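Below are the chains, spelled out letter by letter.
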Amino acid sequence: MTDEQERPAGPAAASDAASIEGSGLFSGLRRVGLQGMELLQVRLELFSIELEAEKLRLFSSVAQALMALLLGVAALGLLTLSLLLLCPDAWRWSVALGLALVHGALAWWCWACARRGLSQPGGAFAGSVAELARDREAMGA
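Residues numbered from 1 in each chain as written. Predicted model: local features only at pLDDT ≥ 70, side-chain atom pairs only at ≥ 80, totals over all residues. Heavy atoms only, no water.

Averaged over all residues, the pLDDT of the chain is 78; the fraction at 70 or higher stands at 78%. Across the chain, element-level confidence peaks in helix α3 (residues 92-118) with a mean pLDDT of 86 and bottoms out in helix α1 (residues 3-6) with 51. (pLDDT = per-residue confidence, 0-100. Helix = DSSP H or I, 4+ residues; strand = E, 2+ residues; numbered from the N terminus.)

Judged by side-chain polarity, Leu-58, Val-62, Leu-66, Leu-69, Val-73 and Leu-118 come together as a nonpolar surface patch covering roughly 550 Å² of accessible area. It is helix α2 (residues 11-86) that provides the largest number of residues to the nonpolar patch, a total of five residues. Its location among the elements puts Leu-69 in helix α2. With a relative accessible area of 54%, Leu-69 lands in the exposed category. (Patch = residues over 30% accessible without salt bridge, like charges linked within 9 Å, V, L, I, M, F, W, Y side chains within 5 Å. Areas by Shrake-Rupley, 256 points an atom, 1.4 Å probe, with all protein chains shown as cover. Salt bridge = Lys/Arg side-chain N within 4 Å of Asp/Glu carboxyl O. Buried < 20%, exposed > 50% of the residue type's maximum accessible area, 1.4 Å probe, protein only.)

All chains considered together, the criterion is met by three salt bridges. Note that Arg-57 and Glu-54 form a salt bridge whose closest N and O atoms lie 3.0 Å from each other. Here Arg-57 pairs with Glu-54, and both are found in helix α2, just three residues apart, close to one helical turn. Here Asp-89 makes a salt bridge to Arg-92, at a shortest N to O gap of 2.7 Å. Given the relative accessible area of 60%, Asp-89 is considered exposed. Exposure remark for Arg-92: the relative accessible area of 31% places this residue in the partly exposed category.

Okay, the environment of Leu-99 next. Following the sequence through the fold, Leu-99 ends up in helix α3. Taking the C-alpha atoms as reference points, Leu-99 and Thr-80, 19 residues apart in sequence, are found 7.0 Å from one another. Every residue in contact with Leu-99, bar those within four places of it in the chain, is listed here: Thr-80 and Leu-83. (Contact = heavy atoms within 4.5 Å.)

Tracing the sequence through the fold places Thr-80 in helix α2. Residue Thr-80 is classed as buried on the basis of its relative accessible area, which comes to 17%. Polar contacts involving the side chain of Thr-80 include one to the main-chain carbonyl oxygen of Leu-76, which spans 2.7 Å. Discounting chain neighbours no more than four positions away, the residues touching Thr-80 are Leu-99 and His-103. (Polar contact = N/O pair within 3.5 Å; in protein donor to acceptor, adjacent residues only side chain to side chain.)

Shown next as structure tokens:
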């Protein structure tokens, strides 16, 4: 067989060339799609890790706050009782009012510290947002 007999001539040759080019285009699109899926998988894994970290941080903060509340109430109760029993009868109401004001100020301070500990600059998922912004910049959007 000669080369002319092996290669079809005319429209059949053009359709074979188009199918070869089409498969090249298809494989390129498939490769881009797979890379996009891999990128999405990495971002979802990052999101799940950050979600787990947020959950652990929140649980730790709540547990510490509850323990501090329990110990603080016990200590303040005993301290208040001791101070009220040590002061003379004529001063007990004044001392009780002063201690109530001190306890109120300490409670406000503890509340402010707890709020500061639970707030996070940039939001809960700042790492994921930054990575997605970097991906968008890399893609030229």
